[in-house]
Structures are given as C-alpha cells and as structure tokens.
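Here's the letter readout for the chains.
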Amino acid sequence: MLGSKRTGSRHVAVVLLMCLFWYVISSSNNVIGKMVLNEFPFPMTVTLVQLCSITLYSGPFFNLWRIRKYQDIPRSYYYRLIVPLAVGKLLASVTSHISLWKVPVSYAHTVKATMPLFTVVLTRLFFGEKQPTLVYLSLLPIITGVGIATVTEISFDMMGLISALISTMGFSMQNIFSKKVLKDTNIHHLRLLHLLGKLSLFIFLPLWLYTDSFAVFRHNAIKNLDYRVIALLFADGVLNWLQNIIAFSVLSLVTPLTYAVASASKRIFVIAVSLLILGNPVTWVNCLGMTLAIVGVLCYNRAKQITKGREAPTLPLSQSSHIKYQPLEQQTDPYYRGSVNGKLSNGLHRATATTMMPGNSLLANGSGMPSGTAATRLLFV
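Procedures and definitions
Within every chain, residues take consecutive numbers counted from 1 along the sequence as written. In keeping with the model being predicted, local features are shown solely for residues with a pLDDT of at least 70 and side-chain atom pairs are shown and tallied solely at 80 or more, while totals for entire chains, interfaces and linings include all residues. Hydrogens and waters are ignored; side-chain quantities use all the structure's heavy atoms. A fitted line through C-alpha atoms represents every axis, and for helices the fit uses only the stretch in contact; the resulting angles, taken between N-to-C directions, go from 0 to 180 degrees. Numbering of helices and strands runs from the N terminus, with a helix taken as a DSSP run of H or I at least four residues long and a strand as a DSSP run of E at least two residues long. With respect to orientation, any angle under 35 degrees is reported as roughly parallel, any angle over 145 as roughly antiparallel, any angle of 65 to 115 as roughly perpendicular, and every other angle as oblique. Each helix crossing is assigned a hand: it is left-handed if the near helix lies turned anticlockwise from the far helix by less than a right angle, otherwise right-handed if that turn is clockwise. By definition, residues are in contact when any of their heavy atoms lie within 4.5 Å. Under the grouping applied here, Gly and all other residues not named as nonpolar or charged are polar, the nonpolar ones being Ala, Val, Leu, Ile, Met, Phe, Trp, Tyr, Cys and Pro and the charged ones Asp, Glu, Lys and Arg. Only protein chains enter the accessibility calculation, which uses a 1.4 Å probe; a residue whose area is less than 20% of its type maximum is buried, one above 50% is exposed, and one in between is partly exposed. In these notes, a set of buried Ala, Val, Leu, Ile, Met, Phe, Trp, Tyr and Cys residues joined through side-chain atoms within 4.5 Å is what counts as a nonpolar core. Each Phe, Tyr or Trp ring (for Trp, its six-membered ring) is paired with any other whose centre lies within 6.5 Å, and the angle between the two planes then decides the class: stacked below 30 degrees, edge-to-face above 60, tilted in between. Look at NZ for Lys and CZ for Arg. If either is within 6 Å of the ring centre and within 35 degrees of the ring normal, a charge sits over the ring. Every helix has an expected span of 1.5 Å times one less than the residues it contains. UniProt positions are given in the numbering used here, feature names are shortened, and annotations may be inferred rather than shown by experiment.

(A) Representation of the packing of helix α4 (residues 105-112) against helix α6 (residues 133-152) within the structure. Two numbers describe how α4 lies on α6: the axes approach to 9 Å, and their chain directions differ by 150 degrees. With respect to their mutual orientation, α4 and α6 come out roughly antiparallel. Along this stretch, α4 crosses α6, giving a crossing that reads as left-handed. Across the interface between the two elements, Tyr107, Thr110 and Val111 of α4 pack against Val146, Ala149 and Thr150 of α6. Taken together, the residues of the contact of α4 with α6 break down into four nonpolar, two polar and no charged.

(B) Here's a closer look at the side chain of asparagine 244. As for its position among the elements, asparagine 244 is in helix α11 (residues 227-253). Classification of asparagine 244 by relative accessible area gives buried; the value is 6%.

(C) Highlighting the nonpolar core. Grouped together as the largest cluster of nonpolar side chains are 38 residues, with contacts concentrated most on Trp22, Val36, Phe40, Phe204, Val250 and Tyr259. Broken down by secondary-structure element, the contributors of at least two residues to this core are α1 (2-39), α2 (43-64), α3 (75-102), α8 (189-211), α11 and α12 (256-278). When near neighbours in sequence (up to four residues on either side) are disregarded, valine 36 contacts Val46, Leu232 and Leu233. Formed by 16 residues, the second largest nonpolar core is a distinct cluster that contains Leu81, Ile176, Leu182 and Leu195.

(D) Local environment of the packing of α3 against α8. Where α3 meets α8, the axes come as close as 9 Å, and the angle between the chain directions of the two elements is 75 degrees. With respect to their mutual orientation, α3 and α8 come out roughly perpendicular. Taking contact as the criterion, the partners of Tyr78, Ile82, Val83, Leu85, Ala86, Val87, Lys89, Leu90 and Val94 in α3 are, on α8, Leu193, Leu195, Leu196, Gly197, Leu199, Ser200, Ile203 and Phe204. Residue classes in the contact of α3 with α8 are distributed as 14 nonpolar, two polar and one charged.

(E) Representation of the packing of aromatic side chains. Here the structure, examined in full by the defined rule, presents 14 aromatic pairs. Considering the side-chain rings of phenylalanine 62 and tryptophan 65, the 6.0 Å spacing of their centres and the 40 degrees angle between planes classify their relative orientation as tilted. Overall, phenylalanine 62 belongs to the buried group, its relative accessible area being 0%. Seen from their ring centres, phenylalanine 126 and phenylalanine 177 are 5.3 Å apart, and the 75 degrees between their planes marks the pair as edge-to-face. In this pair, phenylalanine 126 is assigned in helix α5 (residues 115-127) and phenylalanine 177 in helix α7 (residues 158-185), connecting sequence segments 51 residues apart. Looking at phenylalanine 126, the relative accessible area reads 43%, which means it is partly exposed. When its relative accessible area of 18% is taken as the criterion, phenylalanine 177 is described as buried. Aromatic ring contacts, followed pair by pair, group Tyr57, Phe61, Phe62, Trp65 and Trp241 into a single cluster. Across the ring face of tryptophan 101, the terminal group of lysine 102 is positioned such that the distance to the ring centre comes to 4.3 Å.

(F) The arrangement of α5 in detail. If you check α5, its first and last C-alpha atoms are 17 Å apart, about what 13 residues at 1.5 Å a residue would give, namely 18 Å. Residues of α5 that are buried include every one of Met115, Pro116, Phe118, Thr119, Val120, Leu122 and Thr123, and no others. Buried residues along α5 sit in contact with α4, α6, α7 and α13 (284-306). With its phi angle positive at about 65 degrees, glycine 128 sits one or two positions after the end of α5.

(G) Representation of the UniProt feature "transmembrane region" (unreviewed entry) in the protein chain in the model. Using the residue numbers shown here, the UniProt feature "transmembrane region" (unreviewed entry) corresponds to residues 12-32, 44-65, 77-101, 107-127, 134-152, 189-209, 229-250 and 283-300. Along residues 107-127 the backbone is 90% helical and 0% strand, and the end-to-end C-alpha distance reaches 31 Å. Between the C-alpha atoms that bound residues 229-250 the distance is 31 Å, and the span itself is 100% helix and 0% strand.

See the structure below:
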C-alpha cells in the first residue's frame, strides 16, 4: 500500500513537472516567434526553419531514445493518406505563422480555441458522425468568446483572423486523419511527426525557394549577419520541436480528458505570458472573450467525456482497412529494446513493460500513448 502511494505521488509529480516544462516552452516559443516575425517578416521562412528542426533533430534523438521504427508503408496508402497529411501540416504551419505575424499572440490563441468546432464539422462532413446535443451546446461559449475577442481586438487584422482559422482547421484535419494512420499502421506517434516533417520539408522547399529565398537573402538581418535574429530563428525551431515532444510525452502519461484540460490551461498560460512580456494592449471585454472561449473548450471536453459511452467510433475501420505487414526479422526490433511477446492485428510486434529499459515509462505501452481512440484526439499542438 505504501509503495503504491509513493508510485502514485511520483507519477503526479512527473506529470506536473512535465506540464510546467510544456507551458514554459510553449509560451517561450510563441513569444520568440512573435519577436522574430516583428523583425524578420518572413513567416514562410520561419516555417522552413521549424520543419528543418523536426527533420534534423528527430531521427538521431528518437534512435537514441530507442523509439521503435515503422515498417514500410504501401505506396498506395502513402499517397492516399500520408502525403495529404504532410500537405495539411505544411498549410497549417504556414498560416499559423502568418496569423502570428499579423495579430497578437493572445488573439491568435483565442481563435485557435475554435478547434473543437472544426473537429465537429469535419467529422460530420467526412464520416457522417453526429454529436449529442450536449456537445453542440458546449460549442456556443467558444463561438461567443471568439466573437467577443474579435470585435474588441485593438490590433485586429483580417488576414490574421483568416490565417488563424485556416491554421486551426488544418490542425483539426491532421488530428482526425492522423488517428486513422496510427490505427492502420501502428506507427509510433513521434515517428509519424518525423515522417510528416520530412515530407512537408521536401514539398515546401521548392515553393520557399521561389517565393521567399531571394527576399530573405536581401534582408538586412541576413546580409549583415544579425546574430540576434539568427539566434531567435534557431531558438524558435528548437523550442517548436521540444514543444511537440513534451506534449506527446504528457499525453502518454495522462488520460485524454486530463490532457485536454492541461492543453486548455496551457493556452491560458501562453496568452497571459504573451500579454505580460509583449505588452499588446487589451480591454477587459477582450479578456472576457478570451476567457469565455477557453472555458468553452473545457466545457466541450467535459461534454465529450460525459457522452463518450453513447458515441459511435469516430473512425469506423473494418478489418480489411488495416495494412498487413511482415514481422520484423528475427522477431526483434533493434530500435525498441527487448524481445517481443505478441503480435498486433496488423503483424507488428508490441513490446511490453517488462521488456523495456528501466525508467523508460513514457514508452511502456508500446505506442507511447494511452489506449483508446480518444488518446490521439489532440495529436498536433
């Protein structure tokens, strides 16, 4: 009994510490991103730096952390789902940086609180899923709060609003279809992040060379080697990569509802820090709108939790829709330490907690995430 209490207390302490790191890194990433874009107004270049960070850092560190690699994905499936996901990630990232460039951080994050609205609409369009009345009602405070914040925003910019909405819709689509990819392929969520980052960079690089490269190299910060701007760009890329890693680690340690609450609390923290450090002017009515939108997100997550038992699966998958793979050679995955004890339905092997390295608790369930379809609902942040 005493050992169980100590383990529980240690788990809570780890989660709280991880959430603190998550909040600090996320708020720092947003503040530094805004500072970069104020002095270096090239949102596409900032996107390129972040994609390069995901591509360069993920491979070596994921191998070092012994995160299992994925098997080859069939070409037809790759073009049908993986490539569109990468394009969606690219579009969402670019428009997110445009919104951050055009409007204050606090307002951009308030608009991003509309993600549940886009999730409800898109799942209805793509999968015909109907939500209970309680879920629809929980969207009202989100819409009202964002509306109040928009009307009262002193630094309002239409391009910034539209970009933030497109970005939110893009991330919402990623969450929906990434869940299907994770189910079909059993790819580790961090490996999926790395794969999408590499593919997005490959697609985006020619576009960046055509649209931004010449203007970037003519900018004073690059011509004069302004080390402050270069350092901020580097820090923004590293922090964005770390933010994703920590977000996934928190998700692997807690239930989906706890993660949703932590994510909404993180948004509040980011808004507060940006207002404190960047000092953009706000009115009390504007703050009321922001608060109402965040409370609406919490209400939505609570409504989903209450009605979860009565909901049909978001992504009905038949057995035939799963991809079949050959088992790994010698029945052992060299990138995921330890021998395996059983096969998944798609032919891959799942490592158990007893075969893990001691202390590698974030990967103790094989995928690094809680079981259940709702666990991947907030895959991208």
